[in-house]
Amino acid sequence: MRRILMGVALATLLAACASTPDEQEGAKVEERLPAAQPTQPAKPVEPGTATKPLDTGRVAGDPLKDPANILSKRSVYFDYDSSMVKDEFKPIIAAHAKYLSQNRSRRVRIEGNTDERGSREYNLALGQRRADAVKQMMQLLGASPDQIETISFGEEKPKAAGHDEAAWAENRRADIRYQGE
Amino acid sequence: MRTQAIPYHFLMRALQGLMPILAALAMTPAARAALTIEIIGSGAKQIPIAIVQFRAEQGLPQQITPVISADLQRSGLFRMIDAGGVNPLPTEPSEINYGTWTARGAEALVIGNVITLPDGRYEVRFRLLDPLKQTQLAGLAYTASAAQLRLTAHKIADVIYEKLTGDVGAFSTRVTYVVKRGTRYELQVADADGYNAQTVLGSNEPIISPSWSPDGTRLAYVSFEARKPVVYVQSLVTGQRQAVANFRGSNSAPAWAPDGKRLAVVLTRDGNSQIYLINADGSGTPTRLTTSASIDTEPNFSPDGQLILFTSDRGGSPQIYGMPASGGAARRLTFEGNYNVSPRFSPDGKSFAFVQRNGGRFNIAIQDFASRQVQVLTDGTVDESPSFAPNGRMILYASTVGGRGILAAVSSDGRVRQRLTETAGDVREPAWGPLVK
């Protein structure tokens, strides 16, 4: 299980790296060349050359916020009354575990949520168990327990306001939040 | 935190032929209406009682007898006998023509008068009489400021209730609950009939699980204002509050020990949700009471402080268990269905109320400890958070109508049901306060 997850994590990380942010940044810089230099030929900027973006570096440089990176995915969804992590969400957890293991100063909080059905306090505990399930998998994949706090909102902070299965499904969730975000 | 008084008006609708209550309605100032109490069903035997308007009460800022009538009606155990056509209305025993009242079927008669004292306060005197035996069952006088007139009426209703039913009255108690208005949460405290609601805590984050200290002076609750659940204790006297459980992870489900000095709470500081004992002033280190690999939550002390009921899914589904208050071996108590949660001891310790899931519905049920007999008391879609009246006769709970939270109450024998509705907002998490001497 652990090996499979590691493999998945690696594959997803590789996939993320395939779209290197440098090319996009370079293109932006070229577009921003001042009009006062018309004689300059509009030659493409070589990837990896010395041109530096002026204002886009921070955002695009953070893999946690790159929409193309799996690390930008932060939610794990659960079945009713269940805190079992489904296979489809394991790559997301694996990617965050890998990131945390490589960035030991980063801290995350995992927030468990439930749908509105049932006791508020029992749901608070169920949300906690969902968050803990995500934490355990991250620890298994190399994140340190010190980097992760798990808390629960239970049914108290629903993302979807409805009272139907679609809303409930959206609310049975654990969210991964990095400290400072 | 801010304090604010919300003006209420009281509107009562009597069903099943309880028409005399319309008289009470007519006498209520319209500007205070925000709460509706609907009575559904009635007690097996209703005591016919005539409550005669007190002398000089019409000029009062708050009339007395409509409040007494409404309280007694709400219990479902009384039937109001109309005093219409009796002239003059008696206010002293010497003025009573007992035959008039026995002819109308009254088994109890209440008369009284109000005197304005030189300092502006009022003296309210009342007598409870038995028209058949022509004897006085109770007679008391109260001194009250204008602001205390409602409370005085509730206290008179308590005396009448106790004399005629043999049970302690709980009309002069208070309740707490959470109102959600848009994105705003308010923890409110109100009289048991919904009047005099005051917001004791306002927050932009959820508030859940309010719980009264045994002496009624403090509330413990869970607030999410720190972006995680933290247990606070707040004084209703000073308004000051303190985080008493704010450990790593989640902190929730506060339950007072009967001594008022300790709280059982649920912490995740050591991993999964487990029950701990802490000091109510937040001092010291938590003592862990449960040691399971499952969810243990919703602790509730027995009235004698010896036992704790709680919800656990250690058997695969959430069920109710009991254990010694010092921790130790737990015994499973519920076996019907696969979702039994939120246990609350009855004040006499002989039974417990809880929430049972039946199909997709959640209902309030009661289980007797001795016979293990279970009775489902409500038939709503989502009924939760049961809380006993301090005399054990009624159970206050949260329900839902049209997707909006309301409060409701059911008698512990299931015969009488009330619906308490606030016109604005989503109301949930009720807790009935203790008897305050």
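Residues numbered from 1 in each chain as written. Chains lettered and ligands numbered in written order. Predicted model: local features only at pLDDT ≥ 70, side-chain atom pairs only at ≥ 80, totals over all residues.

**Focus: the overall build of chain B**
Point 1. Looking only at helices and strands, chain B features 4 helices and 32 strands.
Point 2. Looking at chain B residue by residue over its 437 residues, the buried ones come to 50%. (Helix = DSSP H or I, 4+ residues; strand = E, 2+ residues; numbered from the N terminus. Buried ≥ 20, exposed ≤ 12 C-beta atoms within 10 Å, placed from the backbone.)

**Comments concerning the overall build of chain A**
Point 1. Counting its regular elements, chain A contains 6 helices and 4 strands.
Point 2. Element order for chain A, N to C, with α for helix and β for strand: α-α-α-β-α-β-α-β-α-β.
Point 3. In chain A, which comprises 181 residues, the share counted as buried stands at 33%.
Point 4. If you take every contact in chain A between residues at least 6 apart in sequence, the share linking residues at least 24 apart comes to 72%. (Contact = placed C-beta atoms within 7 Å.)

**Describing the interface of chain A and chain B**
For an interface, size is often stated in terms of accessible area lost upon the parts coming together.
Point 1. Across the boundary between the two partners, chain A contributes 19 residues, which contact 27 residues of chain B.
Point 2. Secondary structure elements with two or more residues in the side of chain A that touches chain B: α5 (120-140) and β3 (148-154) of chain A.
Point 3. Top element by residues in the side of chain A that touches chain B is α5(A). It accounts for 9 residues.
Point 4. The residue makeup of the side of chain A that touches chain B, split by class, is 6 nonpolar, 6 polar and 7 charged. (Nonpolar A, V, L, I, M, F, W, Y, C, P; charged D, E, K, R; others polar.)

**Side note on helix α4 (residues 149-165) of chain B**
An α-helical turn contains 3.6 residues, so a residue and the one three or four places further along point in the same direction.
Residues and elements named next belong to chain B.
Point 1. In this model, α4 (17 residues) spans 24 Å end to end at C-alpha, consistent with the 24 Å of a helix rising 1.5 Å per residue.
Point 2. Summarising burial for α4: 13 of the 17 residues are buried, a large majority.
Point 3. With its phi angle positive at about 85°, Gly-166 sits one or two positions after the end of α4. (Expected span 1.5 Å × (residues − 1).)

**Considerations on the sheet that holds strand β12 (residues 207-212) of chain B**
Residues and elements named next belong to chain B.
Point 1. Reading across the sheet, the 4 strands line up as β12-β13-β14-β15 and stay open at both edges, with antiparallel pairing between neighbours. Every other strand in the sheet has two partners, leaving β12 and β15 (241-245) as the edge strands with one partner each. Taken pair by pair, the neighbouring strands of this sheet meet at an average axis angle of 25°, ignoring direction.
Point 2. Of the strand pairs in this sheet, β12 and strand β13 (residues 218-223) are connected by 4 bridges, and their pairing is antiparallel. By the bridge assignment, Ile-208 is partnered in β13 with Val-222. (Pairing = 2+ DSSP bridges. Axes fitted to C-alpha atoms, helices over the stretch in contact; angles between N-to-C directions.)

**A few points about the pairing of strand β11 (residues 198-203) of chain B**
A regular strand places its side chains so that they alternate between the two faces of the sheet.
Residues and elements named next belong to chain B.
Point 1. Across 5 bridges, the pairing between strand β10 (residues 184-191) and β11 is antiparallel. The partner of Val-189 across the bridge, within β11, is Gln-198.
Point 2. Connecting the antiparallel pair β10 and β11 is a turn made up of 6 residues, with Gly-194 showing a positive phi of about 95°.

**A word on the nonpolar core**
Point 1. Among the nonpolar cores identified, the biggest contains 117 residues, and B:Ile49, B:Ile68, B:Val110, B:Ile160, B:Val265 and B:Ile395 are the most heavily contacted of them.
Point 2. It is α4(B) that provides the largest number of residues to this core, a total of 8 residues.
Point 3. Three or more residues apiece are contributed to this core by two domains, here domain 1 (42-165) and domain 2 (174-432) of chain B.
Point 4. Excluding anything up to four places from it in sequence, B:Ile395 contacts B:Ala353, B:Ile364, B:Leu377, B:Pro386, B:Ser387, B:Phe388, B:Ala409, B:Val410 and B:Ser412.
Point 5. Formed by 23 residues, the second largest nonpolar core is a distinct cluster that contains A:Val108, A:Leu141, A:Ile151 and A:Ile176. (Core = buried A, V, L, I, M, F, W, Y, C linked by C-beta atoms within 7 Å. Domains from an automatic or database assignment.)

**Digging into the packing of helix α2 (residues 65-75) of chain B against α4(B)**
Residue and element names in this part refer to chain B.
Point 1. Taken N-terminus to C-terminus, the directions of α2 and α4 make an angle of 45°; their axes are 8 Å apart at the nearest point. Judged by the angle between their axes, α2 and α4 are oblique. Here the hand of the crossing between α2 and α4 comes out right-handed. On α4, the residues touching Val-67, Ile-68, Asp-71, Leu-72 and Ser-75 of α2 are Arg-150, Ala-153, His-154, Ile-156, Ala-157, Ile-160 and Tyr-161.
Point 2. Its residues placed into classes, the contact of α2 with α4 shows 8 nonpolar, 2 polar and 2 charged. (Parallel < 35°, antiparallel > 145°, perpendicular 65-115°, else oblique. Left-handed = near helix turned anticlockwise from the far one by under 90°.)

**Observations regarding helix α4 (residues 90-102) of chain A**
Point 1. For α4(A), with 13 residues, the first-to-last C-alpha span of 18 Å sits near the 18 Å given by 1.5 Å per residue.
Point 2. For α4(A), the full list of buried residues reads A:Ile92, A:Ile93, A:Ala94, A:Ala95, A:His96, A:Ala97, A:Lys98, A:Tyr99 and A:Leu100.

**Some words on the domain arrangement of chain B**
Residues and elements named next belong to chain B.
Point 1. On domain assignment, one finds that chain B holds domain 1 (42-165) and domain 2 (174-432).
Point 2. Distance between the C-alpha centres of domain 1 and domain 2: 36 Å.
Point 3. Facing 10 residues of domain 1, the contacting portion of domain 2 comprises 9 residues.
Point 4. Contributing elements (two or more residues each) for the side of domain 1 that touches domain 2: α2 and α4.
Point 5. By residue number, the principal contributor to the side of domain 1 that touches domain 2 is α2, which donates 4 residues.
Point 6. Tallied by class, residues from the side of domain 1 that touches domain 2 come to 2 nonpolar, 5 polar and 3 charged.

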